[in-house]
Amino acid sequence: MKPFKTLLIFTLFSGLFVLACDEKSSSSSSEAGTESAVGSTESSTESTREIPSADEIQLGICLWPQAGLRSMPGRGKDAKWLAGMSFGEVVTLTGKSEEAGERNYLEMELSDGKVGWSYDYLFAVNAQRAAATGTVDVYSRPDLTTFDGKQFERGEIFAVLNDSETEGWMEVFGQEKKKKGWIKENTNFSTDEVDVNVAIMFSRALLEKNPITQSEKLENLSKNTLFGESPLMSIVNEKLEEVQQMTALPANQLMVTTDNLNVRSDPDSEADNIIFKLQSGDICNILERGARTEIRNMNDYWYLVEKDGQEGWVYGYFTSKKQEGAVQ
């Protein structure tokens, strides 16, 4: 009888132990599942937080002729130069900003994927580019009585802020913020990409002080077939004609385009016949045009010229029919 009681007690104890283990295992599984679900939710929330929506993405417009992108905020030795930006360039703002040296810097991404920092004052934030298609009056405040004579002329680029809350008005910034204020909506400007790019390239051409270089840039712009339909092409062609007239020399003159140009007694570059030299910018009278000759990879005419009473032959490759000088 005693062995039977012992067996019965052992069986009951074993059952209670198994039941307790099952409950603990079930409880542990439930807690693990809850933690997994929470972890999944947190991971999902974190993932969503890292990807900005389209509404959160802001663009910046560079307002200075030159601005630098650096590896970190500030201008210290550790802030390495990454790239340069020019007036009218569009950047994507990441939303990060930091102060350094009493200035506020913005983190931004360029169109080629480079990411870095630049001084916030050099940009119009949350803005889009616009080109004046006619004269645009600029007001100090969104009030017609605050016009002080500032205007954007046809072809000028400016930035239009997207978050203006004043009905019928738009806040604007011109190059280097020299012109800033408010303009009326639906006035003489365009945000069309083609018009904006024509205006930007036109403004860059006008920055050239050498009229020959300026003429070349305007001519390249006028030849671009993609820009042909823009209403701003008329001012490009007008300016091109003006510059070409200013730089053209009379038919009997040419200009030297290199320093220490050899002037020879005969049109022969191999002979020991140098009689004097001319400098870049010198304008000479043409006395005679000689034969067309190929010298190394160059092919041009020889010219007999006169300068300050001296005569001699120069090779035409180093001369031009356009005159250098600053455009007023």
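Residues numbered from 1 in each chain as written. Predicted model: local features only at pLDDT ≥ 70, side-chain atom pairs only at ≥ 80, totals over all residues. Heavy atoms only, no water.

(A) Main features of the packing of helix H2 (residues 193–206) against helix H4 (residues 233–247). One can describe the packing of H2 onto H4 by two numbers: an axis separation of 10 Å at closest approach and a directional angle of 20°. One way to sum up the angle between H2 and H4 is to call them roughly parallel. In this structure, the crossing between H2 and H4 has a hand that is left-handed. Of the residues in H4, those in contact with Val198, Phe202 and Leu206 of H2 are Met233, Ile235, Val236 and Lys239. Partitioning the contact of H2 with H4 into residue classes produces 6 nonpolar, no polar and 1 charged. (Axes fitted to C-alpha atoms, helices over the stretch in contact; angles between N-to-C directions. Helix = DSSP H or I, 4+ residues; strand = E, 2+ residues; numbered from the N terminus. Parallel < 35°, antiparallel > 145°, perpendicular 65-115°, else oblique. Left-handed = near helix turned anticlockwise from the far one by under 90°. Contact = heavy atoms within 4.5 Å. Nonpolar A, V, L, I, M, F, W, Y, C, P; charged D, E, K, R; others polar.)

(B) The arrangement of the packing of helix H3 (residues 211–223) against H4 in detail. Viewed as axis vectors pointing N to C, H3 and H4 meet at an angle of 150°, and their least axial separation amounts to 9 Å. In the crossing of H3 with H4, the sense of the turn from one axis to the other is left-handed. In this structure, H3 uses Pro211, Gln214, Ser215, Leu218, Glu219, Leu221 and Ser222 to contact H4, whose residues at the interface are Met233, Val236, Asn237, Lys239, Leu240, Val243, Gln244 and Thr247. Looking at the contact of H3 with H4 residue by residue, the class counts come to 7 nonpolar, 6 polar and 2 charged.

(C) Broad picture of the confidence of the model for the protein. With 81% of its residues at a pLDDT of 70 or more, the protein shows a mean pLDDT of 83. Scored below 50 in pLDDT, residues 1–54 makes 2 contacts in the model with residues more than four places away or belonging to other chains. (pLDDT = per-residue confidence, 0-100.)

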